[in-house]
Amino acid sequence: MRSVQVGICGLGTVGSGVFNVISRNSSNINDRANCDINILQVGARRDNPDCDTASVDVVRDIFEVAKNPDIDIVVELIGGTTVAYDLVMTALKNNKHVVTANKALIAEHGMEIFSFAASKGLVVAYEAAVAGGIPIIKGLREGLSANKINWIAGIINGTTNFILTEMDTKGRDFNDVLVEAQEKGYAEADPTFDVEGIDAAHKLVILASIAFEMPLTLDGLYTDGITQLEPQDVAYAKELGYAIKHLGIARQTEQGVELRVHPTLVPHKSMIAGVNDVANAVMVNADAVGTTLFCGPGAGAEPTASSVIADIVDVARTIDASAEVKVNALGCPISQLEQRNIMAIEEIETSFYMRFSALDKPGVLSDITKIMGDSGISIEAIVQKEQPVGEDYVNVIIVTNVTQEKLLNTAVERIEKLETVRDTIKFIRVEHLDQ
Ligand code: HSE
């Protein structure tokens, strides 16, 4: 049997998962790869007590792995976009195929990396960069290759989904849950990447690029995290029949492409509403297939390792094949990708949940609904909560029908100026995901 030599750079959460799963399942993996996949070398700054690397050459300098003449595939699992970039480029310059789980690297430097790899007839595979253990890259790029993609909506950060689920079901404190997510190895080295939506933004850019045949770019993408989300909104949303999920949404419209990451109300009956804990889920709506849902663990050592190893198997199986028969990194050749107009968030059309505190006296609600009507916004539901004892103000919740965000902004500005309305208006976008 042919033998393919692999070098793993990074032995943290994902690296140790890859090492252990390859060691445990080598017989099945080799059968599927139709070759013998051998971990020849590991580059890691320190040993990981979860891995028995006694039989492998372990070096402290990861660049030694990238330059090792006996290695065919370099697996980059160190994260970040500086050293990781140098490592990947060094590996490619040394004619190695690359497998990476690094979404930030692909989102920010993917065009350069893929172009350089293609010029050398090398593969850069990155299944684990999006949605952990879910084979969404393969699913979208190859499984749905017959389709024109209309939209993608995904829970693509396990840490935020874990936090939202614990806050919703157990009323736990945000910071307390974040610490647990870090301990479980879900969170990024800098967890603000998770909770501020940056990690999800990196992943959304990759999905959108494949779906809409456009170059990878973070320019114009709207990002909002979950740190400003208040427990009362989670509770009110629930009463109204919605769950709040942190979604990445990419949609092809006649005006351009929507690219946005933000907390979103989704109806409890929608496929994605019941996806909880560290699970990720990506809904893809396409012209031939309709709507599909890809769901599974979005982070963690072995789920992510599952995707990394699938890439190693793919690269190893076709290592001697000519470039034409290999799958393009973004589905189509780089020369075919086209720049798209990324829509400003004010231009998007969706429904909105609004919450504000208004004086409880006759005429106040009619002033508010008049402003909504004058702004061309139709109201789907309006709820006034019971007045707390000793308070003159009540919470008012409005769910709008679909409208343009700039119309909502105008209405919000006018309502906030009313003397009968206290503080600022909180609003959250609503998606029904049914067409
Ligand atoms: N920090 C990421 C998450 C890891 O929570 O989803 C997987 O990309």
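Residues numbered from 1 in each chain as written. Predicted model: local features only at pLDDT ≥ 70, side-chain atom pairs only at ≥ 80, totals over all residues. Heavy atoms only, no water.

Considering the domain arrangement of the protein
Heads up, the condition is: Throughout, the edges of the domains are those of an automatic or database domain assignment. Two residues qualify as a contact provided that any one of their heavy atoms is within 4.5 Å of a heavy atom in the partner residue. By definition, the buried area sums, over both parts, the 1.4 Å-probe accessible area that each loses when the two are put together. Put simply, a salt bridge is a Lys or Arg side-chain nitrogen that is within 4 Å of an Asp or Glu carboxyl oxygen. Any pair of nitrogen or oxygen atoms within 3.5 Å is treated as a polar contact; in protein, a donor-acceptor pairing is required on top of that, and neighbouring residues in sequence qualify only through side-chain atoms on both sides. The way it works is that DSSP assigns letters per residue, a run of H or I at least four long becomes a helix, a run of E at least two long becomes a strand, and they are numbered from the N terminus. Only Asp, Glu, Lys and Arg are considered charged in this grouping, and only Ala, Val, Leu, Ile, Met, Phe, Trp, Tyr, Cys and Pro are considered nonpolar; every other residue, Gly among them, is considered polar.
The domains assigned to the protein are domain 1 (3–132 + 301–336), domain 2 (141–297) and domain 3 (347–429). Here the C-alpha centre of domain 2 lies 26 Å away from the C-alpha centre of domain 1. Taken together, the contact between domain 1 and domain 2 spans 22 residues of the former and 18 residues of the latter. Carbon and sulfur atoms supply 69% of the area buried between domain 1 and domain 2, which totals about 1700 Å² over both sides. Where domain 1 meets domain 2, there are 2 salt bridges. Close ionic contact of D199 with K103 constitutes a salt bridge, the shortest N to O distance being 3.3 Å. At the junction of domain 1 with domain 2, the criterion picks out 4 residue pairs in polar contact (both at pLDDT 80 or more). Among the elements that line the side of domain 1 that touches domain 2, the one with the most residues is helix α5 (residues 103–119), at 8 residues. Considered class by class, the residues forming the side of domain 1 that touches domain 2 number 14 nonpolar, 6 polar and 2 charged.

A short note on the site of the ligand
What counts here: Whether a residue is near a molecule or strand depends on its heavy atoms: it is near if one of them lies within 4 Å of it. Under the convention used here, a 1.4 Å probe and the Shrake-Rupley method define accessible areas, while residue burial counts only the protein chains that appear.
Close to the ligand lie K103, N157, G158, T159, Y186, A187, E188, D194, D199, K203, G298 and A299, which account for all nearby residues. T159 is positioned with one of its side-chain polar atoms (N or O) 2.6 Å from an oxygen atom of the ligand. One nitrogen or oxygen atom from the side chain of E188 is found 2.6 Å from a nitrogen atom belonging to the ligand. Contact with the protein chains removes 93% of the 250 Å² of surface that the ligand exposes when unbound. Elements supplying a minimum of two residues to the shell around the ligand: α7 (158–170) and α10 (198–212). Per-class residue counts for the shell around the ligand are 3 nonpolar, 4 polar and 5 charged.

Brief notes about the pattern of salt bridges
The cut-off we apply is this: Only protein chains enter the calculation, and the probe is 1.4 Å; a residue is then buried if its accessible area is under 20% of its type maximum, exposed if over 50%, and partly exposed in between.
All chains considered together, the criterion is met by 28 salt bridges. E258 is the partner of R251 in a salt bridge, and the nearest nitrogen-oxygen pair spans 3.4 Å. One salt bridge in this structure joins D314 and R317, with 3.1 Å as the shortest N-O distance. Placement of both D314 and R317 in helix α12 (residues 301–317) is noted, with a separation of 3 residues, approximately one turn of the helix. With a relative accessible area of 39%, R317 lands in the partly exposed category.

Description of the environment of G121
As for its placement among the helices and strands, G121 is situated in the loop between α5 and β6 (124–125). Classification of G121 as partly exposed rests on a relative accessible area of 37%. C-alpha of G121 to C-alpha of L221: the two residues are 100 residues apart in sequence and 31 Å apart in space. For G121, the residues in contact, after removing those within four places along its chain, are H97 and K326.

Here's the deal with the packing of aromatic side chains
Selection criterion: Two rings from Phe, Tyr or Trp (for Trp, the six-membered ring) form a pair when their centres sit within 6.5 Å of each other. Planes less than 30 degrees apart are called stacked, planes more than 60 degrees apart edge-to-face, and all others tilted.
In the structure shown here, the tally under the stated rule is 3 aromatic pairs. An angle of 35 degrees between the planes, with centres 5.4 Å apart, marks the rings of F114 and Y126 as tilted. Highlighted residues: F114 in helix α5 and Y126 in the loop between β6 and α6 (136–143), separated in sequence by 12 residues. In this structure, F114 and Y126 share a single accessibility class: buried. Aromatic side chains F162 and Y186 sit 5.6 Å apart centroid to centroid with 80 degrees between the ring planes, which places their arrangement in the edge-to-face category. Highlighted residues: F162 in helix α7 and Y186 in the loop between α8 (174–183) and α9 (192–195), separated in sequence by 24 residues. Here F162 falls in the buried class, since its relative accessible area comes to 6%. Here Y186 falls in the buried class, since its relative accessible area comes to 17%.

A short note on the sheet that holds β6
In a beta sheet, neighbouring strands pair by backbone hydrogen bonds and run either parallel or antiparallel. Using the following cut-off: Paired strands, in this sense, are two strands between which DSSP finds at least two bridges. Geometry is summarised by axes, namely lines fitted to C-alpha atoms with helices restricted to the contacting stretch, and by angles between N-to-C directions that run from 0 to 180 degrees.
Read from one edge to the other, the open sheet built from 6 strands follows the order β3-β2-β1-β4-β5-β6, with strand pairing classed as parallel. What marks the edges here is a single partner per strand, and that holds for β3 (57–59) and β6. Bridging between strand β2 (residues 36–43) and β3 involves 3 bridges; their strand directions are parallel. Bridge pairing in β3 links Q41 to D57. Strands β1 (3–9), β4 (73–76), β5 (97–100) and β6 of the sheet are contacted by helix α4 (residues 83–93), whose axis makes an angle of about 175 degrees with β4.

As for helix α11 (residues 231–239)
Quick reminder of the rule: Picture the helix axis, draw a direction to every C-beta atom, and the arc is the one those directions span.
Those residues of α11 that fall on the buried side of the exposure criterion are D233, V234, Y236 and A237. Angularly, the buried residues of α11 cover 170 degrees about the axis, an arc narrow enough to put them on a single face. Away from its buried face, by an angle of more than 90 degrees, α11 presents the exposed residues P231 and E239. Buried residues along α11 sit against α7, β9 (242–253), β10 (256–267), β13 (349–359), β15 (393–400) and β17 (421–430). Looking one or two places after α11, you find G241, whose phi comes out positive at around 95 degrees.

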